[in-house]
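One letter stands for each residue in the lines below.
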Amino acid sequence: MLTITQALVDQIVAHARKDHPDEACGVVAGPAGSDRPERFIPMLNAAMSPTFYEFDSGDLLKLYREMDDRDEEPVVIYHSHTATEAYPSRTDISYANEPGAHYVLVSTADTDGAGAFQFRSFRIVEGQVTEEDVEIVQAY
């Protein structure tokens, strides 16, 4: 289960809406070993595409060095889908290389009639996708 604050959910959704029609992407870092997302880090989609996201390799290297210096790890890796449901694509699955992370997908398309966005979380380990519950809290 992903436990995340309403403030972080709001930031992720706002980033997805801001970058629409391109996919948005980013990380929420947290203390190593805590499984607690705390620090919102929006990233640039280097692909600048409505159907694909890619972290800039230089930005990603800088981020991992910064997280290492702060004794943090990527707790949430998020991106948006602009025209499809919030479910990992084959490409998303192939690029998922953080088995301990929660992969959050936000859809900015109303694909299910439930409103302007979907917010879903998955674990992706060795190509296997498992959806998990999301508990939104006011504070930890």
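Relevant structure appears above.
Here the structure is a predicted model, which is why all the values come from computation and not from measurement.

Caption draft 1: Region of the structure containing the environment of P42. The residue P42 is located in strand β3 (residues 39–43) in this model. In this structure the C-alpha to C-alpha distance between P42 and Q11, which are 31 residues apart in sequence, comes to 8.9 Å. The residues touching P42, leaving out its near neighbours within four places in the chain, are H15, C25, G26 and Y78.

Caption draft 2: Structural detail: the layout of surface pockets. Estimated volume of the largest pocket: approximately 300 Å³. Forming the walls of the largest pocket are 14 residues, and the residues nearest its centre are Y53, F55, L60, Y95 and N97. Where the lining of the largest pocket is concerned, the elements lending two or more residues are α2 (57–69) and β4 (72–81). Classifying every residue of the lining of the largest pocket by side-chain character gives 11 nonpolar, one polar and two charged.

Caption draft 3: Highlighting helix α1 (residues 6–19). Compared with an ideal rise of 1.5 Å per residue, which puts 14 residues at 20 Å, α1 spans 20 Å between its outermost C-alpha atoms and is within 8% of the ideal. Every buried residue belonging to α1 is among L8, V9, I12, V13, H15, A16 and D19, and all of these are buried. The arc that holds the buried residues of α1, viewed along the axis, is 155 degrees, so those residues lie on one side.

Rules of the game
- Residues numbered from 1 in each chain as written.
- Predicted model: local features only at pLDDT ≥ 70, side-chain atom pairs only at ≥ 80, totals over all residues.
- Heavy atoms only, no water.
- Helix = DSSP H or I, 4+ residues; strand = E, 2+ residues; numbered from the N terminus.
- Contact = heavy atoms within 4.5 Å.
- 1 Å grid on protein atoms, 1.4 Å probe; cavity = no way out; pocket = protein on both sides within 12 Å on 5 of 7 lines; lining within 4 Å.
- Points joined across faces, edges and corners; volume = space filled by probe spheres on them.
- Nonpolar A, V, L, I, M, F, W, Y, C, P; charged D, E, K, R; others polar.
- Expected span 1.5 Å × (residues − 1).
- Buried < 20%, exposed > 50% of the residue type's maximum accessible area, 1.4 Å probe, protein only.
- Arc of directions from axis to C-beta.

None of the figures reported here should be taken as evidence of function without further support.
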